[in-house]
Amino acid sequence: MEASLILSLFSLLIATCGFIYSAYNIERDKAKVKAWAEVVSHSNFDESGTRFNVFKVTVANVGRRPIIIKGFKIQAKGLSFDIPAKDPDFDVIYEIGPDGDNKKVLDSIRHDFSKNNTCVALKEGDFFENELSEENSYNDMIAFIDGELYEGEMVYVEDIQGRLYMIEDCKNKMSLFYKKT
């Protein structure tokens, strides 16, 4: 009787250790995203020597599975809008004419501007950087909708499944970029 009890307890211990190890591997075997932002100051190489800030976001896959980054979600007061992870290639020439096969051309345009061409696939340990806006130049974090200005307050990284990942210390970096500190 005592030997069977010891054997049962030993079996329970081994089963528990196996369960914990399996749960640990399942948790470790996910795609994990780490994102951070920097405000980088550049200078123009002209006589004026002016400087301008750039809001640069870096996204890294620190997990063990590949992940596809769809883009960035900008949260503004009352709404949110999206920015693709990368711009599609624009050096393609499309010829649409009265005697041509326009359906084929339109399918080609749709393919060139599809998610396949604006998403970024990150394998384990890969990262990419994107400059979302430049001071006094283009700014992807601002939207004009119906004549009203919406300025981004938070930036999130969005994967192809719609999951959002926070950018570390985003509010402070954005206030530094907009010089609201």
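Residues numbered from 1 in each chain as written. Predicted model: local features only at pLDDT ≥ 70, side-chain atom pairs only at ≥ 80, totals over all residues. Heavy atoms only, no water.

What follows is about the overall build of the protein. Within the protein one finds three helices and ten strands. When its helices and strands are written in sequence order, the protein yields α-β-β-β-β-α-β-β-β-β-β-β-α. A buried classification covers 30% of the 181 residues belonging to the protein. For the protein, the accessible surface area stands at approximately 12500 Å², while carbon and sulfur atoms represent 56% of it. (Helix = DSSP H or I, 4+ residues; strand = E, 2+ residues; numbered from the N terminus. Buried < 20%, exposed > 50% of the residue type's maximum accessible area, 1.4 Å probe, protein only. Areas by Shrake-Rupley, 256 points an atom, 1.4 Å probe, with all protein chains shown as cover.)

Taken across its ten residues, strand 3 (residues 67-76) has seven buried, putting it largely inside the fold. Where strand 3 meets strand 5 (residues 120-122), three bridges bridge the pair, whose relative direction is antiparallel. Looking at strand 5, one finds that isoleucine 68 is bridged to alanine 121. Bridge count for strand 3 against strand 9 (residues 154-159) is six bridges, and the pairing is antiparallel. Bridging from a neighbouring strand, glycine 71 pairs with glutamate 158 of strand 9. In this structure, strand 3 lies alongside strand 4 (residues 79-84), joined through six bridges in antiparallel fashion. In the sheet register, glycine 71 faces strand 4, and the bridge partner there is proline 84. Where strand 3 folds back onto strand 4 in an antiparallel hairpin, the turn is made up of two residues, including glycine 78, whose phi is positive at roughly 85°. (Pairing = 2+ DSSP bridges.)

Taken as a whole and judged by the stated rule, the model has four salt bridges. The salt bridge involving lysine 56 is made with glutamate 129; its shortest N-O contact spans 3.9 Å. Here lysine 56, found in strand 2 (residues 51-61), pairs with glutamate 129, found in strand 6 (residues 127-134); they are 73 residues apart in sequence, far enough to count as distant. A residue is classified by how much of its surface remains accessible, and glutamate 129, at 45% relative accessible area, is partly exposed. The closest approach of N and O atoms between lysine 73 and aspartate 82, which form a salt bridge, is 2.9 Å. A relative accessible area of 44% places aspartate 82 in the partly exposed class. Here the residues in one salt-bridge network are Glu38, Lys56 and Glu129, joined through shared partners. (Salt bridge = Lys/Arg side-chain N within 4 Å of Asp/Glu carboxyl O.)

In this structure, aspartate 169 is a non-glycine residue whose phi angle is positive, near 55°. Topologically, aspartate 169 is positioned in the loop between strand 10 (164-168) and helix 3 (170-177).

On to the confidence of the model for the protein. Looking at the protein, the pLDDT average stands at 80 and 78% of residues meet or exceed 70. Here helix 2 (residues 102-112) is the element of the protein with the lowest mean pLDDT, 69, and strand 10 is the one with the highest, 91. (pLDDT = per-residue confidence, 0-100.)

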